[in-house]
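Each chain, written out:
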Amino acid sequence: MSFLFHDQTSLTLREHIESRALLILPVGTTEEHGPHLPVDTDARIAEAYGERLAQALAPELPVLLMDTIRYGYSMKVMQQWPGTITVRTRVFMDYVFDICRSVLDMGFAKLAILDCHGHHSGALSVVSRELCDACDQAIAILSPARLSRDAYNDARKSEQGGSIHGGEWETSLVLHLSPEVVDMGKAGDEPVHARSEFIAGDNFLGSRQVSWSTWYIQPSESGIYGTPTVATAETGRIIMEVAVENGARF
């Protein structure tokens, strides 16, 4: 039986509601990722993570995977490279809120959002609190970057700052998932030169102590920040497997 939400009928959805099925909503975006990665990198990772997480849970837990949200918010500075489609923050937040409220009002009681884009973390956190107020229910937000952080830091070849955008983390994952869409011949390193110990590191992995936009303290020449040239499909496999394992355990 399919675990895809869009394959269900009203009758089977009612059965899933009665069985207290978990809904999984992957959230990515579409934006430039330099000359070597596809513009759907975040959405591609979100979709793959959702599929693998649902597959890991399905034998023991009723679960339904919703369609991936493929467009969201990106900062204006990224639009200087073709491929970045940006949705205003409030529009994006209202859109996610309405999707989640619809399924919660439908009767589903367990919902996990997969946050697979760095610019969405704050927006999704606010939406989760608004849903608590509106529905008296709490939803979970899972980040594959944070869930794979320790294993990735053990396996990585780049220094801290090598995985901010289009760097080793994302490039390794797409090499693992879809090597045919990666052009490593066009990959070039653009490491971040931290202005102080407080902003050093990969912000989407949660190692920063303060928030300060990398895009404005160091202009990017190619549309990336990081060290994609050291990325490997094997590192991508480790990232995905650990993120799935930790997500399923949660």
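Everything discussed here concerns the structure shown above.
Quick look at the structure, then. (Residues numbered from 1 in each chain as written. Predicted model: local features only at pLDDT ≥ 70, side-chain atom pairs only at ≥ 80, totals over all residues. Heavy atoms only, no water.)

Notes on the layout of surface pockets
The space that makes up the second largest pocket amounts to roughly 210 Å³. Considering the residues around the second largest pocket, the lining is formed by 16 residues, among which Leu22, Leu61, Ala112, Ala140 and Phe250 are closest to the centre. The set of elements that each furnish at least two residues to the lining of the second largest pocket consists of β1 (22–27), α2 (41–57), β3 (110–115), β4 (140–142) and α9 (233–249). In terms of residue count, β3 provides more of the lining of the second largest pocket than any other element does, three residues in total. (1 Å grid on protein atoms, 1.4 Å probe; cavity = no way out; pocket = protein on both sides within 12 Å on 5 of 7 lines; lining within 4 Å. Points joined across faces, edges and corners; volume = space filled by probe spheres on them. Helix = DSSP H or I, 4+ residues; strand = E, 2+ residues; numbered from the N terminus.)

Some remarks on helix α3 (residues 89–106)
Here α3 is 18 residues long and its end C-alpha atoms lie 26 Å apart, about the 26 Å a rise of 1.5 Å per residue gives. Buried residues in α3 make contact with β1, β3 and α4 (121–135). Positive backbone phi, approximately 125°, marks glycine 107, located one or two places after α3. (Expected span 1.5 Å × (residues − 1). Contact = heavy atoms within 4.5 Å.)

Points about the nonpolar core
Among the nonpolar cores identified, the biggest contains 31 residues, and Ile24, Tyr49, Leu53, Leu114, Leu142, Trp169 and Met240 are the most heavily contacted of them. If you list the elements that add at least two residues to this core, you get β1, α2, β2 (63–65), β3, β4, α7 (168–177) and α9. Per-element accounting of this core gives the leading share, seven residues, to α2. Not counting chain neighbours up to four residues away, the residues in contact with isoleucine 24 comprise Leu53, Ala54, Leu57, Val63, Leu64, Leu65, Met66, Ala112 and Leu114. One finds Ala21, Met66, Ala123 and Leu124 within the second-largest nonpolar core, a separate group that totals 25 residues. (Core = buried A, V, L, I, M, F, W, Y, C linked by side-chain atoms within 4.5 Å. Buried < 20%, exposed > 50% of the residue type's maximum accessible area, 1.4 Å probe, protein only.)

As for the packing of α2 against α9
In the contact formed by α2 and α9, the axes pass within 9 Å of each other and the chain directions differ by 50°. Here α2 lies oblique to α9, going by the angle between them. The hand of the α2/α9 crossing is right-handed. Contact with α2, carried on its side by Ala48, Tyr49, Arg52, Leu53, Ala56 and Leu57, involves Met240, Ala243, Val244, Gly247 and Ala248 of α9 and no other residues of that element. (Axes fitted to C-alpha atoms, helices over the stretch in contact; angles between N-to-C directions. Parallel < 35°, antiparallel > 145°, perpendicular 65-115°, else oblique. Left-handed = near helix turned anticlockwise from the far one by under 90°.)

Some remarks on the pairing of β1
A large share of β1 lies buried, amounting to six of its six residues. Neither face of β1 is open: one carries Leu22, Ile24 and Pro26, the other Leu23, Leu25 and Val27, and all of them are buried. The pairing of β1 with β2 spans three bridges and is parallel. Residue pairing in the sheet places leucine 22 in a bridge with valine 63 of β2. Tracing the backbone out of β1, into α2 and back to the parallel element β2 gives a crossover that is right-handed. For β1 and β3, the ladder comprises six bridges, and the chain directions are parallel. In the sheet register, leucine 22 faces β3, and the bridge partner there is lysine 110. (Pairing = 2+ DSSP bridges. Right-handed = clockwise from strand over helix to strand, strands pointing away.)

Limitation: the analysis is restricted to geometry and does not speak to function.
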